[in-house]
Amino acid sequence: NGYNDMSELLSLQAEICSHPVYPRLVAAHFNCRKVGQNQEFIAELEEQQHRTLLALQSNLQYPSQNLQGTDPELDSFLVQYCIALESLQEELSKIYKE
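What counts, and where the lines are drawn
- Residues numbered from 1 in each chain as written.
- Predicted model: local features only at pLDDT ≥ 70, side-chain atom pairs only at ≥ 80, totals over all residues.
- Heavy atoms only, no water.
- Helix = DSSP H or I, 4+ residues; strand = E, 2+ residues; numbered from the N terminus.
- Contact = heavy atoms within 4.5 Å.
- Axes fitted to C-alpha atoms, helices over the stretch in contact; angles between N-to-C directions.
- Parallel < 35°, antiparallel > 145°, perpendicular 65-115°, else oblique.
- Left-handed = near helix turned anticlockwise from the far one by under 90°.
- Nonpolar A, V, L, I, M, F, W, Y, C, P; charged D, E, K, R; others polar.
- Salt bridge = Lys/Arg side-chain N within 4 Å of Asp/Glu carboxyl O.
- Buried < 20%, exposed > 50% of the residue type's maximum accessible area, 1.4 Å probe, protein only.
- Polar contact = N/O pair within 3.5 Å; in protein donor to acceptor, adjacent residues only side chain to side chain.

Helices and strands together make up the secondary structure of the protein, namely 4 helices and 0 strands. Order of helices (α) and strands (β) in the protein, N terminus to C terminus: α-α-α-α. Of the contacts formed within the protein by residues at least 6 apart in sequence, a portion of 74% connects residues at least 24 apart.

The structure is reproduced here in structure tokens:
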């Protein structure tokens, strides 16, 4: 997998989860999952999203309004991933509206 050991993988995971763009990524993920679902399932997803974002906020020691972390490559990747998920949600929504 390209990682020398589990500690490298866990370090990357922690860096991603504490990144200032990560809440946007989580929201985009949940918004994609909501498209075309019934209201009951959407309510469950919204509750999951709320709990996830609360957990993220409580784990962030120094929340930042800055949308950049310390790794420009990771910054770019996460922003592009958000854009891709947001575009996917838009396209899925169009399909379900037709």
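To continue, consider the packing of helix α2 (residues 22-34) against helix α4 (residues 72-97). It is the contact of α2 with α4, at a shortest axis distance of 9 Å, that shows an interaxial angle of 20°. Classified by the interaxial angle, the pair formed by α2 and α4 is roughly parallel. The handedness of the crossing between α2 and α4 comes out as left-handed. The residues of α4 that touch α2, namely those facing Arg24, Leu25, Ala28, His29, Asn31 and Cys32, are Leu78, Val79, Tyr81, Cys82, Ile83, Leu85, Glu86, Leu88, Gln89 and Leu92. Taken together, the residues that form the contact of α2 with α4 break down as 11 nonpolar, 3 polar and 2 charged.

A side chain with one charge may pair with a side chain of the opposite charge, provided their charged atoms come close. Following the criterion strictly, the structure yields 4 salt bridges and no others. In this structure, arginine 24 engages glutamate 86 in a salt bridge whose closest nitrogen and oxygen atoms are separated by 2.9 Å. Highlighted residues: arginine 24 in helix α2 and glutamate 86 in helix α4, separated in sequence by 62 residues. Across the pair glutamate 91 and lysine 94 runs a salt bridge whose closest N-O atoms are separated by 3.3 Å. With glutamate 91 and lysine 94 both in helix α4, this residue pair falls 3 residues apart, about one helical turn.

This brings us to the environment of leucine 53. Mapped onto the secondary structure, leucine 53 falls in helix α3 (residues 39-59). Setting aside anything within four residues of it in sequence, one finds leucine 53 in contact with Pro23 and Val26.

Okay, the side chain of lysine 34 next. Relative to the assigned elements, lysine 34 resides in helix α2. Residue lysine 34 is classed as buried on the basis of its relative accessible area, which comes to 14%. Side chain to side chain, lysine 34 and glutamine 49 meet in a polar contact 3.1 Å long. The residues contacting lysine 34, other than those within four sequence positions of it, are Ile42, Leu45, Glu46 and Gln49.

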